[in-house]
Amino acid sequence: MKDKVLRLKNGLQYYVVDEIIEGKKTYIFAMQVDNDIESTTNNYIVCYYNNVLNKEDMALNDIYDKMLYQRILNEFLKRLINK
C-alpha cells in the first residue's frame, strides 16, 4: 500500500509514506494530501489494518495501546531519518 493515496470515509485523503508489517497487521504512516496545492500537509496518521485477502474488507484502525503506538511511531521516524 506504500506510495498509494487513501480516501477515508470523512473525505480526507492520505498519502501512505511507509508501512510496517507485523504478524497479521500492517501499520501505516500517512500524510494528509492537500488537493488544492497538490502537496502533503503537516497532518499525519499512524494506524493499522488487518492483513486480508480481499482489499474491500480492509478497514483502518486506531492504535489504542500507547506503548505500541509510540514504538511504531519511533520506528517510522527512524526509517524516515535514515532515508
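Note that the structure is predicted; figures quoted are calculated from it, not measured.

Visitor: Help me understand the pattern of salt bridges, please; the structure alone is not making it clear to me.
Guide: Side chains carrying opposite charge are able to pair once their charged atoms draw close together. In the structure shown here, the tally under the stated rule is 3 salt bridges. Aspartate 18 is the salt-bridge partner of arginine 79, the closest N and O atoms lying 3.1 Å from each other. Of this pair, arginine 79 sits in helix α1 (residues 66-81) while aspartate 18 sits in strand β2 (residues 13-22), and the two are 61 residues apart along the sequence. Judged by relative accessible area, which is 31%, arginine 79 ranks as partly exposed. The class of aspartate 18 is buried, set by a relative accessible area of 3%. Across the pair arginine 71 and glutamate 22 runs a salt bridge whose closest N-O atoms are separated by 3.0 Å. Here arginine 71 is found in helix α1, whereas its partner glutamate 22 is found in strand β2, with 49 residues between them in sequence.

Visitor: Could you clarify how one ought to interpret the environment of isoleucine 45 in this entry?
Guide: Along the chain, isoleucine 45 turns up in strand β4 (residues 39-50). C-alpha separation for the pair isoleucine 45 and aspartate 62, spaced 17 residues apart in sequence, amounts to 9.0 Å. Residue contacts for isoleucine 45: discarding those within four places in its chain leaves Tyr14, Ile28, Phe29 and Ala30.

Visitor: Any chance you could explain the sheet that holds strand β1 (residues 5-7) here in plain terms?
Guide: Hydrogen bonds between backbone atoms are what pair the strands of a sheet, whose relative direction is either parallel or antiparallel. With respect to topology, 4 strands assemble into an open sheet ordered β1-β2-β3-β4, the strand pairing being antiparallel. A single partner strand is all that each edge strand has here, and the edge strands are β1 and β4. Going from strand to strand, the sheet's axes swing by 35° on average, the running direction of each strand aside. Two elements, β1 and β2, share 3 bridges in a ladder whose sense is antiparallel. Bridging from a neighbouring strand, leucine 6 pairs with tyrosine 14 of β2. Here α1 sits on the sheet and contacts β2, β3 (25-34) and β4; the angle it forms with β2, its principal contact strand, is near 105°.

Visitor: How should the nonpolar core be read in this particular structure?
Guide: It is characteristic of soluble globular proteins that their nonpolar side chains tend to be buried jointly. The biggest cluster of nonpolar side chains holds 11 residues, and these are Val17, Ile20, Tyr27, Phe29, Met31, Val46, Tyr48, Ile63, Ile72, Leu73 and Phe76. Mapped onto this core, the elements with two or more residues apiece are β2, β3, β4 and α1. Leu6, Tyr14, Ile28 and Tyr49 belong to the second largest nonpolar core, which has 8 residues in total.

Visitor: What should I look at first to understand the pairing of β3 in this one?
Guide: For β3, a buried count of 8 out of 10 residues is recorded, marking the element as mostly surrounded by other parts of the structure. As defined by bridge partners, β2 adjoins β3 across 8 bridges and the pair is classed as antiparallel. Pairing of isoleucine 20 across the sheet is with tyrosine 27, part of β3.

How each quantity is defined
Residues numbered from 1 in each chain as written. Predicted model: local features only at pLDDT ≥ 70, side-chain atom pairs only at ≥ 80, totals over all residues. Heavy atoms only, no water. Salt bridge = Lys/Arg side-chain N within 4 Å of Asp/Glu carboxyl O. Helix = DSSP H or I, 4+ residues; strand = E, 2+ residues; numbered from the N terminus. Buried < 20%, exposed > 50% of the residue type's maximum accessible area, 1.4 Å probe, protein only. Contact = heavy atoms within 4.5 Å. Pairing = 2+ DSSP bridges. Axes fitted to C-alpha atoms, helices over the stretch in contact; angles between N-to-C directions. Core = buried A, V, L, I, M, F, W, Y, C linked by side-chain atoms within 4.5 Å.

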